[in-house]
Amino acid sequence: MNGRSIIMTANASARAIKPELLRTYTEDFNKDRANLIAADAAVSAGVLKAATDYRGVRALPRDFSIELKQGSITNQERSGRCWMFASLNTLRYELMHRWNLEDFEFSETYLFFWDAMEKSNTYLENVLRTLDEATDSRLFEAINESPADDGGWWQMFAALVNKYGLVPKSAYPESENSRNSDDFKQYLNSKLREFAAELRRRSAAGASEDELRALKDEYMGTVYRICAVALGEPPEKFDFFARTKDDDEDKKGEACKCKAEADADGKAESCKCGESCKCEGKSDAKACKCDKDKSDKPKTGKDERPQIREIGITPLEFYKKYVPVDVNDFVTLANAPLKNRPFNQRYRIRFSANVAEAGDMEFVNVPLDVFKKAALDQLTAGHPIWFACDCTQFALRKDGFFDQSVVRVDQLFGTEFTGDKAHGLEYGDSPSNHAMTFTGVNLDEDGKPNRWKVENSWGKDAGKDGYYVMSDAWFDRYVTELIIRKDTSTTPPAPCSPPNQSSSIPGSPSPVAAADIFRPLAAAEVLLCFADFSQSEHNIGAL
């Protein structure tokens, strides 16, 4: 009999918590004054407040040497659409700066509608693909776990945009069921599972593939009705109107060049500084050439800013015309230091698509140094980054911190938390459960990152006006996925990673475009069943 069998067959008394041990536990607890102080704080204020270290907070100021100008903070409210919000936040940044808009927000509900439709269709297609599977098989259980839940990933977003385009929020605003999706998705999933059971019953009774697919098409009519009742029908065409920013606003605070040229009497006769001139009102500015016609025009309250106006534009036309990036020009990089997920290979996750014809999701697993360098290069180039992480670990939701030195639960509980990234992924302790957007990073005197600026989608009351600050150590430990532009060029840095995360990208250290990371790895592609893949890559949930 082996040791494991001995443990499994031990009698009940050996498996129980013994009374004498409980007495020892309470004696040890009460004789340590630190335990009593910690209990007073935690019971009264909660674990996170009691564990907050003011020194850690002060060590993470919200100043960043590289920072992107983004629009207003968005709010997914009580839904699991973080991946969609983060994706749209990366695109709206590009749109705003291409068209000189002060602010902009896409309609998240528009894609939410089509995501529900497409996930429902793909679920039923997967049911048809697995008719020979027992309902208690790992594969079917994974497929059946969440037929059309809210969660998703960038590649699901890209598939939706390619097929349905995008619309501004004004064309398809939020509804009660997009803001709080539980009831809508509960009954949609229930109906889908009823459909699955009937398809399997008909198949067992001898129905042909054509008959089953015709039945599926009939079922999708019911799905459409449920989605349309819950969210309203999406627009086929819409009107779009926006005003560009006032250029004068961008010039506020600029020092007028004529100040340095004015003579001792305050005259600015030689001023040539154009619209940014601040010499009006000086004692003598008669010779100033600073847009005299504009100054002579009577001022009114009329908004004279240039307008963008579209009448009857389709969602695909809007996407292709106004979004200056292609959602297909990105690659998915993961940092999962697992023995069964070797670095520098491309992985495909079976049964992971939301749009059936778009194909399953893929990613390249890379070492931490390559992973982080790609993020730095993209922010330095002036582009935000979609990323996925475990947002629950060592995090202060209200105050906006992601850092082990801020949330000192180790001090509060008197025990070290020693699990590394591989442990967190292998044992499901730190799965990717939330997507957000990097919009800044701070570099120290050696040019290395020490903190990151994070745009969240939990509204302005979470964090500091909706933004979070993340320590670089937290990035290393809990950020697992980045969406990187193919035109981002990154040179793998000198080794700075843990020994098991060193870079070995073919051709290092010459510059490597993100798009090229896929090419030398095609022969090493690995297919993963969704049920067999690490928990870190299951759908991001509602957080």
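Student: Before we go on, may I ask you to explain the packing of aromatic side chains in this structure?
Tutor: When we look at a pair of aromatic rings, we describe it by the centre distance and by the angle of the planes. Taken as a whole and judged by the stated rule, the model has 29 aromatic pairs. Ring geometry for W154 versus F157: centroids 5.1 Å apart, planes at 50 degrees, classification tilted. Separated by 3 residues within a single helix, W154 and F157 lie in helix α10 (residues 154-164), roughly one turn from each other. Note on accessibility: W154 and F157 belong to one class, buried. Considering the side-chain rings of F387 and F438, the 3.9 Å spacing of their centres and the 10 degrees angle between planes classify their relative orientation as stacked. On the criterion of sequence distance, the pair formed by F387 in strand β7 (residues 385-389) and F438 in strand β10 (residues 434-443) is long-range, its members being 51 residues apart. Taken as a pair, F387 and F438 share a single burial class, namely buried. Sitting above the plane of the F112 ring, R81 keeps its charged end 5.4 Å from the centroid.

Student: What am I meant to see in the pattern of salt bridges here?
Tutor: Scanning all chains against the criterion turns up 32 salt bridges. D217 is paired through a salt bridge with K216; the nearest N and O atoms lie 3.8 Å apart. Taking relative accessible area as the criterion, K216 reaches 6% and is therefore assigned buried. The network of salt bridges with common partners includes R81, E105, E108, K169 and E174.

Student: So what exactly am I meant to see when it comes to the confidence of the model for the protein chain here?
Tutor: Low pLDDT marks regions whose predicted coordinates should not be analysed in detail. When pLDDT is averaged across the protein chain, the result is 86; 79% of the residues are at 70 or more. Throughout residues 252-288 the model reports pLDDT below 50, and contacts reaching past four residues in sequence, or to other chains, amount to 43 contacts. Across residues 515-539, where pLDDT falls below 50, the model places 67 contacts with residues more than four positions away in sequence or in other chains.

Student: Hey, could you run me through unusual backbone geometry in this one?
Tutor: Residues apart from glycine generally show negative phi values, whereas peptide bonds are mostly found in trans. With phi around 55 degrees, E77 is a residue other than glycine that occupies positive phi space. Residue class for E77 comes out partly exposed when judged on its relative accessible area of 40%. Not every positive phi belongs to a glycine, and N344 is a case in point at roughly 65 degrees. Structurally, N344 can be placed in the loop between β4 (330-334) and β5 (345-350). We classify N344 as buried; its relative accessible area is 9%.

The rules behind each value
- Residues numbered from 1 in each chain as written.
- Predicted model: local features only at pLDDT ≥ 70, side-chain atom pairs only at ≥ 80, totals over all residues.
- Heavy atoms only, no water.
- Phe/Tyr/Trp six-rings, centres within 6.5 Å; stacked < 30°, edge-to-face > 60°.
- Helix = DSSP H or I, 4+ residues; strand = E, 2+ residues; numbered from the N terminus.
- Buried < 20%, exposed > 50% of the residue type's maximum accessible area, 1.4 Å probe, protein only.
- Lys NZ or Arg CZ within 6 Å of the ring centre and 35° of its normal.
- Salt bridge = Lys/Arg side-chain N within 4 Å of Asp/Glu carboxyl O.
- pLDDT = per-residue confidence, 0-100.
- Contact = heavy atoms within 4.5 Å.

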